Amino acid sequence: MNQHHWVNNFIEKTRDQWIATSDKIWENPETRFEEYVSAGILSEQLERKGFRVTKGIAGIETAFVGEFGEGKPVIAFLGEYDALSGMSQKGNVAYKEKNIEDGNGHGCGHNLLGTGALAGAVALKTYMEEHDLKGTVRFYGCPGEEGGSGKTFMAREGIFDDVDMALCWHPGPHTGVIASSFLSNIQAYFKFKGTSSHAAASPHLGRSALDAVELMNVGVNYLREHVIPEARIHYAITNTGGISPNVVQANAEVLYLIRAPQIDETKEIYERIKKIAEGAALMTETEVEVIFDKACSNYIPSKVLGKTMYESMLEVGLPEFSNSEQQYAKEIWNSLTANEKNNAGQLVAIANEKVNIPSGQYLAEEIHPKYESNAVVPGSSDVGDVSWIAPTVQCMMTTCALGTALHSWQMVAQGTSSIAHKGLLQVSKVLALTAIKALENKDIIESAKKELLETLNDTPYECPIPADVQPSKLK
Ligand SMILES: Nc1ccc(C(=O)N[C@@H](CCC(=O)O)C(=O)O)cc1
């Protein structure tokens, strides 16, 4: 039996357990660094499959690793399982309706992501046993990707240092190797402290922290024109100082997320934003404290491994969808606005380019043929930090209708559908096959490592998160 047939047989034979695992995680959406149930579901399966499991690695309760085999090469599968807050949504419907008031939801499909990577790792382990192959397979349970950069904290503790190759994937509307780089980022809280007072009787005695937040935001709005065009600066006001307009707000806080292609560019913008915060504090006679939350590095896709993954994708092919799945995808398509439909050809996170979508098509019908690109995707991922340490490869696999945006209710609704299940099985095969090809042809890993060394050009990996910053839960 050739490699592809073996992988196909294995995943199809075990399909029910992957689907059930993904659905269980979908039903228990947990946000950054609180993924207790989800991490439990995945680590328990690794234990049952004979992996040596270590929980709470890198000082993070919901991070874990499962290992099988010994020696080189060390092949790592990266699994995520965190959800987004406030994104609760009913499954398998084509209209917006919450499942639970104020509940979380899998708006980025990480229920599928973690499970697909797990299935790939289990497939590789079984293949190694049956074919008496040497090496180590690891599944890294990586929490807090969304706004948490869990892998960057894990990288800081050195836990990826002996990895020879890393594999990951992302659910979405298209299929192809993720050929582009991603933006690095820094996230920090700006906490202002003033003096409360009666807003009518003694406003002159009050010093408003909320004013400071607003002035800071205005300052940053002016900054935006004077940064490189690829940069992105977002904010969320995490404390408005209360709900009483007749009190001068003594405490207020704003959370900034700053992104740019290179981490040095992000750091430079961060320093300028800190000056704006100091300016806002000066103007309002308040005090500001800057609390570094997290950061991640830009992603360096391995072209060598990208080629191997692309070849694996061609062998595995796209899922075949039934009439009822096509019908559901059409209903999702019909829920989109004209602008959203127009944007459907944008290959989010694959290559930052646009393809034509023929009318009447609702599910991707092609494997994007590019596995090399100089483009930068306007998003970030903590897989970036792993890619500085070991050659790393990722793909996107169709798990939802064309036009579905990540972080949308449509993404949550389809995350437990049979469309997503088919994508999940297909990508598990792609991940396992890519790893098997690399394991059976040592040249692949050697050239990938050489390529990474040349790309880094003697720049050593430096974790962008300072040593004293700890991962934090959502507030
Ligand atoms: N293959 C993908 C990997 C990550 C994402 C994504 O949306 N990441 C978040 C991460 C944000 C963060 O790093 O805090 C983002 O860009 O907003 C999207 C596709």
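Residues numbered from 1 in each chain as written. Predicted model: local features only at pLDDT ≥ 70, side-chain atom pairs only at ≥ 80, totals over all residues. Heavy atoms only, no water.

Student: How should I be thinking about the packing of helix α9 (residues 323-334) against helix α13 (residues 418-440) in this particular structure?
Tutor: Relative to each other, α9 and α13 sit at 115°, their axes nearing to 9 Å. Taken together, the axes of α9 and α13 are roughly perpendicular relative to one another. Counted together, E325, Y328 and A329 of α9 and S418, I419 and K422 of α13 form the full contact between these two elements. Here the contact of α9 with α13 is composed, by residue class, of three nonpolar, one polar and two charged. (Axes fitted to C-alpha atoms, helices over the stretch in contact; angles between N-to-C directions. Helix = DSSP H or I, 4+ residues; strand = E, 2+ residues; numbered from the N terminus. Parallel < 35°, antiparallel > 145°, perpendicular 65-115°, else oblique. Contact = heavy atoms within 4.5 Å. Nonpolar A, V, L, I, M, F, W, Y, C, P; charged D, E, K, R; others polar.)

Student: Quick question: what am I supposed to make of the domain arrangement of the protein chain here?
Tutor: Accessible area lost during the coming together of the parts is what is often quoted as the interface size. Assigned domains within the protein chain: domain 1 (3-181 + 298-456) and domain 2 (184-296). Each of domain 1 and domain 2 has a C-alpha centre, and these two points are 35 Å apart. Facing 13 residues of domain 1, the contacting portion of domain 2 comprises 13 residues. Carbon and sulfur atoms make up 48% of the area that domain 1 and domain 2 hide from each other, which totals about 930 Å². Applying the counting rule to domain 1 against domain 2 returns one salt bridge. Across the pair D293 and R32 runs a salt bridge whose closest N-O atoms are separated by 3.3 Å. Run the count over domain 1 and domain 2 and you get seven residue pairs in polar contact (both at pLDDT 80 or more). For the side of domain 1 that touches domain 2, a count of residues per class yields two nonpolar, eight polar and three charged. (Domains from an automatic or database assignment. Buried area = accessible area lost by both parts, 1.4 Å probe. Salt bridge = Lys/Arg side-chain N within 4 Å of Asp/Glu carboxyl O. Polar contact = N/O pair within 3.5 Å; in protein donor to acceptor, adjacent residues only side chain to side chain.)

Student: Looking at this structure, I do not really get the sheet that holds strand β8 (residues 184-193). What am I missing?
Tutor: Either a parallel or an antiparallel arrangement is found when strands of a sheet pair, and the pairing is made through backbone hydrogen bonds. The strand order across the open sheet built from four strands is β9-β10-β8-β11, with neighbouring strands paired in antiparallel fashion. Two strands lie at the open edges of the sheet, namely β9 (232-239) and β11 (287-296), each paired on one side alone. For this sheet the average axis-to-axis angle between neighbouring strands, irrespective of direction, equals 20°. Packing against the sheet, helix α6 (residues 209-223) makes contact with β8, β9 and β10 (251-260), and its axis sits at approximately 20° to β10. On top of the sheet, helix α7 (residues 263-284) reaches β8, β9, β10 and β11; it is set at about 10° to β8, its chief contact. (Pairing = 2+ DSSP bridges.)

Student: How should the UniProt feature "domain: Peptidase M20 dimerisation" (unreviewed entry) in the protein chain be read in this particular structure?
Tutor: Under the UniProt annotation, "domain: Peptidase M20 dimerisation" (unreviewed entry) lies at residues 187-279. Across residues 187-279 one finds 34% helix and 27% strand; the C-alpha atoms that close the span lie 19 Å apart. (UniProt positions renumbered as here; feature names shortened; annotations may be inferred.)

Student: How should the site of the ligand be read in this particular structure?
Tutor: Neighbouring residues of the ligand: 13 residues in total, closest G147, N185, R259, K294 and S380. Contacts to the ligand include G147, whose backbone N or O atom sits 3.2 Å from an oxygen atom. S380 is positioned with one of its backbone polar atoms (N or O) 2.8 Å from a nitrogen atom of the ligand. Expressed as a share of its isolated accessible area of 460 Å², the protein-covered part of the ligand is 90%. In terms of residue class, the shell around the ligand is made up of two nonpolar, seven polar and four charged. Shared between two domains, the shell around the ligand holds at least three residues of each, these being domain 1 (3-181 + 298-456) and domain 2 (184-296). (Near = heavy atom within 4 Å. Areas by Shrake-Rupley, 256 points an atom, 1.4 Å probe, with all protein chains shown as cover.)

Student: Looking at this structure, I do not really get the sheet that holds strand β12 (residues 367-368). What am I missing?
Tutor: An order of β1-β2-β4-β3-β5-β14-β6-β12 is seen for the eight strands of this open sheet, with the pairing classed as mixed. Of all strands in the sheet, those bounded by a partner on one side alone are β1 (52-55) and β12. The pairing of strand β2 (residues 64-70) with strand β4 (residues 135-142) spans seven bridges and is antiparallel. Counted as the bridge partner of F64 is G141 from β4. On top of the sheet, α13 reaches β3 (74-80), β5 (165-172) and β14 (392-398); it is set at about 165° to β5, its chief contact.

Student: Would you mind showing me how to read the packing of helix α1 (residues 3-13) against helix α4 (residues 110-130) here?
Tutor: Helices that pack against each other are described as a pair by the angle of their axes relative to one another and the distance between those axes. Packing of α1 against α4 leaves a shortest axis separation of 10 Å and a crossing angle of 120°. When the axis of α1 is compared with that of α4, the two are oblique. Handedness of the α1/α4 crossing: right-handed. In this structure, α1 contributes Q3, W6, F10 and I11 to the contact, and α4 contributes A119, V122, A123, T126, Y127 and E130. For the contact of α1 with α4, a count of residues per class yields seven nonpolar, two polar and one charged. (Left-handed = near helix turned anticlockwise from the far one by under 90°.)

Student: Teacher, can you tell me more about the side chain of T398 here?
Tutor: As for its position among the elements, T398 is in strand β14. The class of T398 is buried, set by a relative accessible area of 0%. A distance of 2.7 Å separates the side chain of T398 from the side chain of T175, its partner in a polar contact. Residue contacts for T398: discarding those within four places in its chain leaves G172, P173, H174, T175, L318, F321, L363, A364, I419 and G423. (Buried < 20%, exposed > 50% of the residue type's maximum accessible area, 1.4 Å probe, protein only.)

Student: Would you mind going over α6 with me for this structure?
Tutor: Owing to its 3.6 residues per turn, the α-helix brings residues three or four apart onto one side. For α6, spanning 15 residues, the distance from its first C-alpha to its last is 21 Å, which sits close to the expected 21 Å at 1.5 Å a residue. Taken together, the buried residues of α6 touch β8, β9, β10 and α7. (Expected span 1.5 Å × (residues − 1).)

Student: Help me out: how do you make sense of the pairing of β3 in this one?
Tutor: Within a regular strand, side chains alternate between the sheet's two faces. A large share of β3 lies buried, amounting to seven of its seven residues. Residues of β3 alternate between two faces, with V74, A76, L78 and E80 on one and I75, F77 and G79 on the opposite face, all of them buried. Strand direction decides the pairing type here: β3 and β4, joined by seven bridges, are parallel. Across the sheet, residue A76 finds its bridge partner in β4, namely R138. Read as a crossover between parallel neighbours, the route from β3 over α4 to β4 is right-handed. Sheet topology note: the β3/β5 ladder contains three bridges and is parallel. Within β5, the position partnered with A76 by the bridge is A166. (Right-handed = clockwise from strand over helix to strand, strands pointing away.)

Student: What exactly am I supposed to notice about the pattern of salt bridges here?
Tutor: Note on pairing: side chains with opposite charge can pair once their charged atoms come close. Scanning the entire structure with this criterion turns up 23 salt bridges. Close ionic contact of E129 with K125 constitutes a salt bridge, the shortest N to O distance being 3.2 Å. Of this pair, E129 and K125 both sit in helix α4, four residues apart, which is roughly one turn of that helix. Judged by its relative accessible area of 43%, E129 is partly exposed. Members of the salt-bridge network, linked through shared partners, are R52, E67, R138 and D162.

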